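Structure assessment
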Amino acid sequence: MFRRPIFAANWKMNKGPSDTQAFVKSFLSKLTGRPACDIVIAAPFISLPTLSESLRDARGVEMAAQNCSQFDDGAYTGEISVKMLREILVRHVIIGHSERRSIFGETNAVINAKMKKAREAGLKLIFCIGETLEERNAGILENVLRTQITEGLAGITAEDMDDTVIAYEPVWAIGTGVTATAAQAQEAHAFVRSVVTELYGSEIAQKLRIQYGGSVKPNNAAELMACPDIDGALIGGASLEAQSFVDIIVNGCPAD
Ligand code: PEP
């Protein structure tokens with residue numbers, strides 16, 4: 001089945017409003033032609049209004065938040081609600097990134113609460129999963145992924161899955177310069193799709209887009225994207241520079 005690839009930049013805690021404006025200007029000037037894919041930029045909260053303004057005339061490039069609160073509103077100092085994100089026209093939210101899990105202690109239960117809250121508000125999900133090197137070496141990769149998927153997606157309906165992307169990001173490949181080989185990535189993606197098939201049936205699983213994330217660069221994008229179960233990429237470091245984000249998109253995705 002054809003699945004339109006989706007390339008998402010995850011800027012993490014980089015680029016305030018003025019860098020955001022400069023990036024978008026440069027990115028749009030370099031992105032000539034129309035790659036046959038969806039493009040998303042996940043900026044820090046404070047840069048989202050500038051991103052929205054800068055992308056106003058750029059059809060086809062959408063905004064994501066990198067996190068959201070699992071609560072509606074109230075006494076949650078430092079948090080941002082899904083309603084606030086909708087108010088500034090954010091369409092997607094990354095949930096479950098390994099940095100949120102490992103540094104900020106987000107459990108599968110917290111991630112699941114955020115996923116449900118985001119769907120209630122109509123936000124599209126980029127749901128991140130992935131194993132550590134210790135887990136892979138211990139031979140429990142499949143158990144880890146199955147648990148993350150099953151607990152993260154609990155209560156997420158079949159309809160919600162139309163607006164959900166899973167990002168498989170092996171933790172050992174994030175920001176390390178070590179990329180999973182195409183064979184390792186394909187094997188994990190096929191497994192993820194098989195778990196989604198068990199949970200939702202094959203029609204939904206076949207439609208689901210599964211991004212690969214972990215040291216994607218212009219020189220490895222084509223090989224990874226050629227794998228049958230890889231449907232785009234979530235890109236950290238290499239998305240901070242406009243030319244390299246453009247090169248990943250162009251190398252990973254044929255023009256329309
Ligand atoms: C990420 O942060 O999701 C990521 C994949 O980072 P990097 O591309 O830098 O490995």
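Refer to the structure presented above.
So, here's what we can say about the structure. The shown structure was predicted, so the numbers you read here are calculated from the model rather than taken from an experiment.

Right, let's talk about the side chain of lysine 117 for a bit. Following the sequence through the fold, lysine 117 ends up in helix 5 (residues 108-120). The class of lysine 117 is buried, set by a relative accessible area of 12%. Dropping the residues within four chain positions of it, lysine 117 is found in contact with Ser69, Gln70, Asp72 and Val82.

A word on the packing of aromatic side chains. Following the criterion strictly, the structure yields five aromatic pairs and no others. Between phenylalanine 27 and phenylalanine 245, the ring centres sit 5.2 Å apart and the planes meet at 20°, which makes this aromatic pair stacked. Of this pair, phenylalanine 27 sits in helix 1 (residues 17-30) while phenylalanine 245 sits in helix 11 (residues 242-252), and the two are 218 residues apart along the sequence. The class of phenylalanine 27 is buried, set by a relative accessible area of 0%. In this structure phenylalanine 245 comes out as buried when scored by relative accessible area, which is 0%. Ring centres of phenylalanine 71 and tyrosine 76 lie 4.0 Å apart, and the angle between their planes is 5°; this geometry places the pair in the stacked category. Judged by relative accessible area, phenylalanine 71 falls into the partly exposed class, the value being 34%. The class of tyrosine 76 is partly exposed, set by a relative accessible area of 36%. Ring pairs connect the aromatic residues Trp11, Phe23, Phe27 and Phe245, which therefore count as one cluster.

Residue placement: glutamine 206 occurs in helix 9 (residues 202-207). In this structure the C-alpha to C-alpha distance between glutamine 206 and phenylalanine 2, which are 204 residues apart in sequence, comes to 8.9 Å.

Our next topic: the site of the ligand. Residues in contact with the ligand amount to 14 residues; listed here are only the nearest, Lys12, Glu169, Gly175, Ser215 and Gly237. For the ligand, an oxygen atom lies 2.7 Å from a polar atom in the backbone of glycine 175. Contact with the protein chains removes 97% of the 290 Å² of surface that the ligand exposes when unbound. Of the residues in the shell around the ligand, the class split is four nonpolar, eight polar and two charged.

Analysis parameters
- Residues numbered from 1 in each chain as written.
- Predicted model: local features only at pLDDT ≥ 70, side-chain atom pairs only at ≥ 80, totals over all residues.
- Heavy atoms only, no water.
- Helix = DSSP H or I, 4+ residues; strand = E, 2+ residues; numbered from the N terminus.
- Buried < 20%, exposed > 50% of the residue type's maximum accessible area, 1.4 Å probe, protein only.
- Contact = heavy atoms within 4.5 Å.
- Phe/Tyr/Trp six-rings, centres within 6.5 Å; stacked < 30°, edge-to-face > 60°.
- Near = heavy atom within 4 Å.
- Polar contact = N/O pair within 3.5 Å; in protein donor to acceptor, adjacent residues only side chain to side chain.
- Areas by Shrake-Rupley, 256 points an atom, 1.4 Å probe, with all protein chains shown as cover.
- Nonpolar A, V, L, I, M, F, W, Y, C, P; charged D, E, K, R; others polar.

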